[in-house]
Amino acid sequence: MIGAAGVQETLQQRREELVARADRARDDAAHRGEAVSQDFSEQAAERQNDEVLRGIESAARAEIDRIDEALGRLQRGEYGLCVKCGRDIERPRLEAIPYADRCQSCADH
Ligand SMILES: [Zn+2]
């Protein structure tokens, strides 16, 4: 059993990083929208860049959702249990992905 307090701290730290990253990506994309370049190739590059930024933002928000779910499981005392088969999730897996909700074999299948 992994110490709940340590896990909560890890998850919350990660969440703060992700919120900062998502907000930064959103702000960067918004900023670029203000000064639209006249040059077509520059416009294309900016659009591509905005797509990258949007990708970063949505990936970060998706991970935040998973962290929120993990924090909820932690509060309900269900953290570290596979949502599919109910067994303990392997410790190395939880250390690698603190918000993992499935054990290795359920995640693989
Ligand atoms: Zn499982």
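A few points on the structure. Small disclaimer: the values here were computed from a predicted structure and weren't measured.

Calculation notes
Residues numbered from 1 in each chain as written. Predicted model: local features only at pLDDT ≥ 70, side-chain atom pairs only at ≥ 80, totals over all residues. Heavy atoms only, no water. Helix = DSSP H or I, 4+ residues; strand = E, 2+ residues; numbered from the N terminus. Rg over C-alpha atoms; globule rule 2.2 N^0.38 Å. Buried < 20%, exposed > 50% of the residue type's maximum accessible area, 1.4 Å probe, protein only. Contact = heavy atoms within 4.5 Å. Areas by Shrake-Rupley, 256 points an atom, 1.4 Å probe, with all protein chains shown as cover. Lys, Arg positive; Asp, Glu negative; His and termini not counted. Charge placed at Lys NZ, Arg CZ, Asp CG, Glu CD. Salt bridge = Lys/Arg side-chain N within 4 Å of Asp/Glu carboxyl O.

1. A closer look at the overall build of the chain
For the chain, the helix and strand inventory stands at four helices and zero strands. Each helix and strand of the chain, ordered N terminal to C terminal, gives the series α-α-α-α. Compactness check: the chain gives a C-alpha radius of gyration of 19 Å against a globular reference of 13 Å for 109 residues, more than 25% above the reference. Counting across all 109 residues of the chain, residues that qualify as buried make up 30%. Sequence-distant contacts, at least 24 apart, represent 49% of the contacts inside the chain between residues at least 6 apart. Of the accessible surface of the chain, which amounts to about 7200 Å², a share of 48% is contributed by carbon and sulfur atoms. Charged side chains in the chain number 17 positive and 23 negative. The centres of these two groups are separated by 6 Å.

2. Observations concerning the side chain of arginine 73
Relative to the elements of secondary structure, arginine 73 occurs in helix α2 (residues 40–75). Buried and unpaired, arginine 73 has no salt bridge, with glutamate 69 as the nearest side chain of opposite charge at 4.4 Å. If we ignore the near neighbours within four places in the chain, the residues touching arginine 73 are Glu78, Tyr79, Val83, Tyr99, Ala100 and Asp101.

3. What to know about the pattern of salt bridges
What the rule picks out here adds up to 10 salt bridges. The residue aspartate 23 makes a salt bridge to arginine 26 at a minimum N-O spacing of 3.6 Å. With a gap of three residues between them, aspartate 23 and arginine 26 both fall in helix α1 (residues 4–34), about one helical turn apart. You can call aspartate 23 partly exposed: its relative accessible area is 24%. A relative accessible area of 40% means that arginine 26 is categorised as partly exposed. Linking glutamate 57 and arginine 61 is a salt bridge whose minimum nitrogen-to-oxygen distance equals 3.2 Å.

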